[in-house]
Amino acid sequence: MALIANRRSVMTLFSAPTCPRCHSVRIVLAEKDITVDIHQLEPGEKSEDLSDLNPYNSVPTLVDRELVLYGTQVIHEYLDERFPHPPLMPVDPVARATARLALYRVEMDWYRGLESLDATSDKQAAKARKILHESLVAASEIFAIKPYFLSDEFSLVDAAIAPVMWRLPHYGIPLEKLPAPIRDYARRMFARDAFRQSLTEAEKEMH
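Because the structure is predicted, anything quoted here is derived from the model rather than measured. (Residues numbered from 1 in each chain as written. Predicted model: local features only at pLDDT ≥ 70, side-chain atom pairs only at ≥ 80, totals over all residues. Heavy atoms only, no water.)

A. Representation of the packing of helix H5 (residues 93–118) against helix H6 (residues 122–138) in the model. It is the contact of H5 with H6, at a shortest axis distance of 9 Å, that shows an interaxial angle of 160°. Taken together, H5 and H6 sit at an angle that is classed as roughly antiparallel. When you trace H5 past H6, the crossing you get is left-handed. Of H6, the residues touching H5 (which contributes Asp109, Trp110, Gly113, Leu114, Ser116 and Leu117) are Ala125, Ala128, Arg129, Leu132, Ser135 and Leu136. Tallied by class, the residues present in the contact of H5 with H6 amount to 7 nonpolar, 3 polar and 2 charged. (Axes fitted to C-alpha atoms, helices over the stretch in contact; angles between N-to-C directions. Helix = DSSP H or I, 4+ residues; strand = E, 2+ residues; numbered from the N terminus. Parallel < 35°, antiparallel > 145°, perpendicular 65-115°, else oblique. Left-handed = near helix turned anticlockwise from the far one by under 90°. Contact = heavy atoms within 4.5 Å. Nonpolar A, V, L, I, M, F, W, Y, C, P; charged D, E, K, R; others polar.)

B. Main features of the packing of helix H2 (residues 20–31) against helix H4 (residues 72–82). Here H2 crosses H4 at 0°, and the two axes come no closer than 10 Å. One finds that H2 runs roughly parallel with respect to H4. Judged by residue contacts, Arg21, Ser24, Val25, Val28 and Leu29 of H2 engage Thr72, Ile75, His76 and Leu79 from H4. By residue class, the composition of the contact of H2 with H4 is 5 nonpolar, 3 polar and 1 charged.

C. Quick peek at unusual backbone geometry. That bond from Val59 to Pro60 is cis: its omega, 5°, falls within 30 degrees of zero. Positionally, Pro60 belongs in the loop between helix H3 (48–53) and strand E3 (61–64). Note the cis peptide between His85 and Pro86, where omega equals -10°. In this structure, Pro86 sits in the loop between H4 and H5. Of note, Asp33 is a non-glycine position whose phi angle comes to about 55°, a positive value. Structurally, the position occupied by Asp33 is in the loop between H2 and strand E2 (37–40). A positive phi angle is found at Arg65, which is not glycine, with a value near 55°. Mapping Arg65 onto the fold places it in the loop between E3 and strand E4 (67–70).

D. Structural view of the pairing of E2. Pairing of strand E1 (residues 12–15) with E2 involves 4 bridges; the strand directions are parallel. Paired with Ser15 across the bridge in E2 is Gln40. Traced from E1 through H2 to E2, the parallel crossover comes out right-handed. (Pairing = 2+ DSSP bridges. Right-handed = clockwise from strand over helix to strand, strands pointing away.)

E. Spotlight on the pattern of salt bridges. Considering all chains together, one arrives at 15 salt bridges under this definition. Here Arg21 ties to Glu107 by a salt bridge, and the two come within 2.7 Å at their closest N and O atoms. Taken together, the residues span a long stretch of sequence, with Arg21 in helix H2 and Glu107 in helix H5 at a distance of 86 residues. Judged by relative accessible area, Arg21 falls into the buried class, the value being 16%. When the shortest N-O distance is used, the salt bridge between Arg187 and Asp184 registers 3.0 Å. (Salt bridge = Lys/Arg side-chain N within 4 Å of Asp/Glu carboxyl O. Buried < 20%, exposed > 50% of the residue type's maximum accessible area, 1.4 Å probe, protein only.)

F. Layout of the nonpolar core. With 53 residues, the main nonpolar core has Leu79, Trp110, Phe143, Ile161, Met165 and Leu168 as its most contacted residues. Contributing elements (two or more residues each) for this core: H2, H4, H5, H6, helix H8 (156–167) and helix H9 (180–191). Those residues within four positions of Leu168 in sequence are excluded, and the remaining contacts are Leu132, Leu136, Ile173, Leu175 and Leu178. One finds Leu41, Leu50, Val63 and Val68 within the second-largest nonpolar core, a separate group that totals 6 residues. (Core = buried A, V, L, I, M, F, W, Y, C linked by side-chain atoms within 4.5 Å.)

G. Main features of the side chain of Glu203. The topology assignment puts Glu203 in helix H11 (residues 201–204). What makes Glu203 buried here is its relative accessible area of 0%.

This is the structure in structure tokens:
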């Protein structure tokens, strides 16, 4: 595996054009202005390189010379530590733990909610859509506290949430139907240069 990774002199991201987890990694790369070769895999496309590098054959997968990483949060935190400016995690241990817990909740409640909309019948999708909508509404007060999620500065949590917000209309949850703090937050995320740079053509077509 190290020999395969060493062939790449530039950092490489194996991504998929509509995958929200891949999108979040692309946002972090753009926020930090990291030079990266992005290899987009279309749905159903197989990559021998990826299967050699990652036993789960999953995206996102990041290759940095001999290092191969998979797991979205593992990649996020590596990039933040490897390229510390601008920092996307707080220094204080309590604040870092709070951010990690928020990332866990985003994964469990919102990312899996999006997945359930893709993998269910119409009736099941309607139920999943209702659950996701209610979960977002329940969090609306948190979005109102600070300009970013639980923070005065953009963080890895925002990089994880922004792809969810972008996909909501595509999955039948119009932003206009959500509370004002969430709508305002989404507009702030979408206006960032790094967010616009992170979008694939397929993601642009979602709006």
